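Structure assessment
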Amino acid sequence: MKRVIGYIASHFRRDKIWLRRTRPDKRRYQVVLAIDDSRSMAENGCGAFALEALTLLCKAMSRLEVGEIGALSFGGAAGARPLQPLGAPFGDAAGPALMSALRFDQDNTIVDRPMVQLVEALEHMLDAARHRAVTSSGGGGGAGSDLRQLVLVLADGRFHEKGGLKAAVRRLLEKRGVCVAFIALDSVRGAGAGAGAGDGVAGGGGGAAMGAGAGSSLLEMQSVKFVNGAPVFERYLDSFPFPFYIVLRDIAALPRTLADLMRQWFELTASG
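Residues numbered from 1 in each chain as written. Predicted model: local features only at pLDDT ≥ 70, side-chain atom pairs only at ≥ 80, totals over all residues. Heavy atoms only, no water.

1. A word on the confidence of the model for the protein chain
One rule of thumb: low pLDDT means the predicted coordinates there are not for detailed reading. On average, residues of the protein chain score 79 in pLDDT, and 76% of them reach the 70 mark or higher. Mean pLDDT per element in the protein chain: strand β6 (residues 195–198) is the minimum at 39, and strand β5 (residues 178–185) is the maximum at 95. Across residues 190–208, confidence stays below pLDDT 50; counting only partners more than four residues off in sequence or on other chains, it has 46 contacts. (pLDDT = per-residue confidence, 0-100. Helix = DSSP H or I, 4+ residues; strand = E, 2+ residues; numbered from the N terminus. Contact = heavy atoms within 4.5 Å.)

As structure tokens, this is what we get:
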């Protein structure tokens, strides 16, 4: 997978980049892309880049034949919606169908739990795919142990359901061969290009998010919770429920960031 970035950047023209394996890879790969379909994605100018990243990723996985690709949307009262089931072929008509299904107009209320519903839908989707892999191989345990599943979540990273969400994410990550990466699209007016990444989460905050000003970045936001009746403020990202995340401020770099993340994941799983 070392040259997949150049392959995607060339819009799939530089396709003579792979040599036949001397030893076939016994591992099986499944990648699921979850995209926030809420109105805030359009308001922050992230919708078009999310669509581009989705299309490029699906085409790359399909043409390189390195695994299965799945996609779903979330946000709003409707909950998570499957767009591309794992195991289904990604034909020429699949791309336009995916793009038309994402409208970025879903609204959330304080009682909605879009992120928890997403994690629950992902858990069901990955379990069903793993069961199918084991069944198709004749019921042997080797197929399940060799399966690697990656979930990429694209959203603006602003949500209020941190407490219950952290437990749901922990339960999903405890499953064998599952990795979840959250890409927070931190589009801020006047912000320069740059990225921050975290690999750990502290605290169990479930309070409301508070910005440091109009159009504030996730890196500047605070959250508040009450301890013994007194308000306690902390950095919003200190209690972020996803342990592996990227804060991406240069939204135009999203397709390349996805390709680089995929490359690193393939290299890690191949060497593990």
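2. A look at the nonpolar core
In terms of nonpolar packing, the biggest core is built from 35 residues, with Val31 and Leu152 touching the most fellow members. Breaking this core down by element, the ones donating at least two residues are β1 (28–36), α3 (47–64), β2 (68–74), α4 (94–101), β4 (147–155), β5 and α8 (254–271). If one sorts the elements of this core by residue count, α3 sits on top with 7 residues. Counting 33 residues, the second-largest nonpolar core is a separate cluster that includes Met125, Leu172, Leu218 and Met221. (Core = buried A, V, L, I, M, F, W, Y, C linked by side-chain atoms within 4.5 Å. Buried < 20%, exposed > 50% of the residue type's maximum accessible area, 1.4 Å probe, protein only.)

3. Considering the environment of Phe104
By the element assignment, Phe104 lies in the loop between α4 and α5 (114–136). Judged by its relative accessible area of 8%, Phe104 falls in the buried class. In this structure the C-alpha to C-alpha distance between Phe104 and Asp36, which are 68 residues apart in sequence, comes to 7.6 Å.

4. Looking at the pattern of salt bridges
Working definition: two side chains of opposite charge can pair if their charged atoms are close together. This model, assessed by the stated rule, comprises 11 salt bridges. For Glu123, the salt bridge is made with Arg171, and the minimal N-O distance between the two is 3.3 Å. Pair noted here: Glu123 is in helix α5 and Arg171 is in helix α7 (residues 162–173), with a separation of 48 residues, a long-range link. According to the relative accessible area criterion, Glu123 is buried, its value standing at 14%. Judged by relative accessible area, Arg171 falls into the partly exposed class, the value being 37%. Where Arg235 meets Asp238, a salt bridge forms, and the shortest distance between an N and an O atom there is 2.6 Å. The class for Arg235 is partly exposed, based on a relative accessible area of 41%. For Asp238, a relative accessible area of 30% translates into the label partly exposed. Through salt bridges with shared partners, a single network forms among Glu123, Asp127, Arg171 and Lys175. (Salt bridge = Lys/Arg side-chain N within 4 Å of Asp/Glu carboxyl O.)

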